[in-house]
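Structural overview for review
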Amino acid sequence: MRVLFRCVWWLLAVACAFVFVAVGYMQRLLPDRYLVSCGQQVSIGPWVQSRSAAADRTAGEEYRTCLTLGGLVAVKDVTVTVTEDTVVMVCGTPFGIKLYTKGVLVVGLSDVETAAGKVNPAAAAGVCVGDAILAVNGKEVATGAEVGALIRDCGGKKVTLRLERDGVEFEASFTPVKAAGEEGYRAGLWVRDSAAGIGTLTFYNPADGTFGGLGHAVCDVDTGAPMPLAGGEIVPARIFGITKGKAGTPGALKGCFDNGNLGTLARNGDNGLYGSLDAYPFGWQTMAVAHRQQVREGAAQILCTVDGTRPQAYDAVIQQVRYGGADSTRNLVIRVTDPDLLAATGGIVQGMSGSPIIQDGKLVGAVTHVLVDDPTRGYGIFAENMLETAQTVTTTKQKAAS
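I will try to describe carefully the structure that is included in this document. Just so it is clear, the structure is predicted and the values come from calculations on it, not from any experiment. (Residues numbered from 1 in each chain as written. Predicted model: local features only at pLDDT ≥ 70, side-chain atom pairs only at ≥ 80, totals over all residues. Heavy atoms only, no water.)

Among the 23 residues that make up strand E6 (residues 87-109), 18 are buried, leaving the element largely enclosed by the rest of the structure. Sheet topology note: the E6/strand E21 (residues 285-288) ladder contains four bridges and is antiparallel. Residue pairing across strands places valine 90 opposite glutamine 285, the latter belonging to E21. With 14 bridges connecting them, E6 and strand E15 (residues 189-205) associate as antiparallel partners. Considered in E15, the bridge of glycine 96 is made with isoleucine 198. Strand direction decides the pairing type here: E6 and strand E17 (residues 229-243), joined by seven bridges, are antiparallel. What sits directly across from lysine 98, in E17, is glutamate 233. Pairing between E6 and strand E9 (residues 132-136): two bridges, direction antiparallel. (Buried < 20%, exposed > 50% of the residue type's maximum accessible area, 1.4 Å probe, protein only. Helix = DSSP H or I, 4+ residues; strand = E, 2+ residues; numbered from the N terminus. Pairing = 2+ DSSP bridges.)

Okay, structure coming up:
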């Protein structure tokens, strides 16, 4: 009897320790805020549910509730906002991106070879890679050619740049120098004023005319930082070829811009490109956007275009769902299982960013990155995150119009 008692005691101790560790882990893992549709409760997998449902609450109402493990053990108190289901047109369509920076982006600094030796006037004045040049000697600039001409023709006089770094404007002054064997003056700057490329349109919201695509920011190829957006447009695009991905070498979709204009860019955010559409895009079908807690590990589909302009659905598996975490573009780990897509691309390739991820008849996310060592796998972002950002674009437009 004593042996049985000890065994039971140890089993209870192990179970309590397991529950204690599990609760602590989930407290750190699970977000503090959730969106739910009217009549639903927060439910994450088979074990974690909220004690309260939104049965008698209306859209826009907010309340506090407790998440529990198995309905018995309290995990954490969270804030829940009741919403109506948002239905969007799911696209998977390729689109061309023409992005123009706010000011002119500094993408490199290099020494100037002068008769007296190597110098870099801009770097010595505190200019850094990633700064945006807004004006030269009080004259606003929008292109690299304008910056180059104003410095080249300065006559050896001091030049003052108005710059922006991390949202803060400041000035830096320096005297350009003559490079050996050249007539004009130089500052030691490499700059860029625009970017172009092809991505995938994730969704279009007919209710407000906004779109979301790409799932991550358009970053400068030299600095790796998101390009500050002054304006831009998206245009129709066509896929005409594929560089197949393999371990260690990411593949890519080869595409070209078609004639016409689809819409305008309003935001180059960490979690994608957003703006307004002027032309109605080709969409696969309309469906509701899933809340993050509705996304589960298991079978899914990726909607993407690997030839021409029409998307197709391909089988995939969501291997991991990350409800918390600091990186908003890596909420999902996905693996391509469709033999046709694997044969065509090797898995996930550049240009597929923004491809919608569909599960249980809802838009749950979008492809964002490929795992370089295993192109059959990659990351995805929650569609809910992208929709929230698209809705802020609408709010900004409404404020500007009022």
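Don't stop here, the text continues.
The strands making up a sheet are joined through hydrogen bonds of the backbone, oriented either antiparallel or parallel. The six strands lie next to each other as E22-E23-E24-E27-E26-E25, forming a closed barrel whose pairing is antiparallel. Strand after strand, the sheet turns through a mean of 45° between neighbouring axes, direction not considered. Bridging between strand E23 (residues 312-321) and strand E24 (residues 332-336) involves five bridges; their strand directions are antiparallel. The residue bridging glutamine 320 from the neighbouring strand is valine 333, located in E24. (Axes fitted to C-alpha atoms, helices over the stretch in contact; angles between N-to-C directions.)

Core analysis: the largest hydrophobic core is formed by 36 residues, its most contacted members being Ile318, Leu332, Ile334 and Ile357. Secondary-structure elements contributing two or more residues to this core are strand E1 (33-37), strand E2 (41-44), strand E4 (62-69), strand E5 (73-83), strand E22 (298-304), E23, E24 and strand E26 (362-371). Residues contacting isoleucine 357, with those up to four places away along its chain left out, are Ala300, Gln301, Ile318, Leu332, Ile334, Lys362, Leu363, Val364, Gly365, Ala366, Val367 and Gly380. Within the second largest apolar cluster, 18 residues are counted, among which are Val107, Leu214, Ile234 and Leu277. (Core = buried A, V, L, I, M, F, W, Y, C linked by side-chain atoms within 4.5 Å. Contact = heavy atoms within 4.5 Å.)

Don't take any of this as a statement about function, it's just geometry.
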